[in-house]
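# Descriptive structure summary
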Amino acid sequence: MQKENEKIAKTHMDYAYELDLVIKPDSRVPLFDREYAAFSGAGVPLFSLGGGYYRYALIDILARFHAKRGYFIAETPIIASSYLYQVSGHIEFFRQNMFLFKIEDHDFAIKPMNCPYHILVFLSHLARFRQKVALPFKIFEAGRVHRYEPSGSLYGLLRVRAFTQDDAHIITPEEKAVESLVSVFEEMKLLMEKLFLMKLDPESITLRLSLSDKEKIGTEFMGTRREWETAEAALEEAAKTLKDKYGFNYFKEEGEAAFYGPKIDVIMRVEESGIEKEWQLGTAQFDFNLPRRFKVYGAVREIYGEETNIFIIHRALMGSLERFLSVYLDYTKGRMPFPLSPVQFAVVAIKIGDPEIDEKIAGLVKRIHKGLLAEGYRTGIVETTKTSLSGDVRRIESTIKPAVTIYVGAREVKEGFVTVRPYIHEKKRRISQKVNIGDNPHLDVINAIKSLEDGVLELAGYSPRIPGDVSHLL
Ligand code: ZN
């Protein structure tokens, strides 16, 4: 019977291969990207290989972080009536990057940008709750968008056709524009430092202001002179505030703004193998076009009074989650902070060949693993022997890169401790800790590494618990 089952299982697998249903690792895709997603070759990453845990944990943290900062959390559909994108102007100017289709007789589009939907969210709040809606009104969504990109331009997670933006729109009164821009930058700083454990210092960070060419306002740059001048003054004021507060330098590029508004970008210089690269982190972009097309100015004045002037600002802290993941994995050599790591714990049993002691080792390893799982962590078990230990440590710690490794051998069982080795991003290495264990060894382990969750607790008020037995990934 056993044999028979094996034969069937094998046949099914062969069948899947024949039909090309199994996505094999593509060697053209960067190594770290392959560890988080599989690619069907069409620029559509499949986050199944541990990347799924990463995404859920990240989006959970992002939603709570933004909610705490006063953002309204939205969830907008992947498809939309193409009329929405006709009003926004995308059908006219962005058509070559959009997927369009029909349902019965109606024209639909797959969402290429979240902005039009977010404006609808704001307008429907205004229509229903009128003056109760406070300004600035801020909307956040981990918004999934799809864009037509030529196949030649696709590359790993760096350039894909399906991606998720940490997207937000801020509808702010003119007089609060500076405050809103400064707070966007502070959110980005918090996220990079507390969650991604990156250091944003004046040596590596520069702010770029893309401004209009004053001569061309009204022709190449749409909107009124007053709008451009007020928005650009707000951008510069925000940049000055950030320079005073954090020492970050800024520079202005005149004539480089988009036709619909000026913007500010945060650029980080990173050095990789002696090559200096620029990594664009956050963006805040003014938009004078969409509020006109969606008649937002009129709606706002009707509710808040004729003298009310507002701005709509698009902003992202990470940009595309996929692109950010690819650059970040390259930057950290595949090491993910504890709250986001697909494999948070690898519990390693070091067997010695003595059945009685090996049973004790296996028993303790299982208890720790099960306890961590019950507490909501992602954990896996690995078995090794004293002779293959050094090879296995290298394979696990340097190739699979769990956030924390735990070693249990004969000495540990005899003396009542375990060896815990968390990776410390600030130090760029693992630190070994001898942790004495009691009746609940998993709680002693959690206690020993709890500082790894400090940043995310500060950011989001909690650390996500998405448990998983990930032994097969080890
Ligand atoms: Zn937008």
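For the structure given in this document, a descriptive report is provided here. Because the structure is a prediction, the values reported are computed rather than measured.

Reading the values: rules and limits
- Residues numbered from 1 in each chain as written.
- Predicted model: local features only at pLDDT ≥ 70, side-chain atom pairs only at ≥ 80, totals over all residues.
- Helix = DSSP H or I, 4+ residues; strand = E, 2+ residues; numbered from the N terminus.
- Buried ≥ 20, exposed ≤ 12 C-beta atoms within 10 Å, placed from the backbone.
- Contact = placed C-beta atoms within 7 Å.
- Pairing = 2+ DSSP bridges.
- Axes fitted to C-alpha atoms, helices over the stretch in contact; angles between N-to-C directions.
- Core = buried A, V, L, I, M, F, W, Y, C linked by C-beta atoms within 7 Å.
- Domains from an automatic or database assignment.

Next up on the list: the environment of Ile91. By the element assignment, Ile91 lies in helix α5 (residues 90-93). Here Ile91 falls in the partly exposed class, since 17 other C-beta atoms lie within 10 Å of it. Along the sequence, Ile91 and Ala109 sit 18 residues apart, while their C-alpha atoms lie 9.2 Å from each other. Each residue touching Ile91, except ones within four places of it in the same chain, is listed here: Ser82, Tyr85 and Gln86.

Take the sheet that holds strand β6 (residues 106-110) next. The antiparallel open sheet is built from three strands, whose spatial order is β4-β6-β5. Each edge of the open sheet is held by one strand with a lone partner, namely β4 (79-81) and β5 (100-103). Each strand of the sheet is rotated relative to its neighbour by a mean of 40°, with strand direction disregarded. Bridge count between β5 and β6: four bridges; the pairing is antiparallel. Bridge assignment links Lys102 to a residue of β6, and that residue is Asp107.

Turning our eyes to something else, we now look at the nonpolar core. Ranked by internal contacts, the top residues of the largest apolar core, which has 111 residues, are Ile61, Leu181, Val347, Val348, Ile406 and Val408. For this core, the element with the most residues is helix α7 (residues 177-195), which contributes eight residues. Each of domain 1 (31-76 + 114-332) and domain 2 (338-473) accounts for three or more of the residues forming this core. If near-sequence neighbours (up to four positions away) are discounted, Val348 is found in contact with Val382, Thr384, Ile396, Thr405, Ile406, Tyr407 and Val408.

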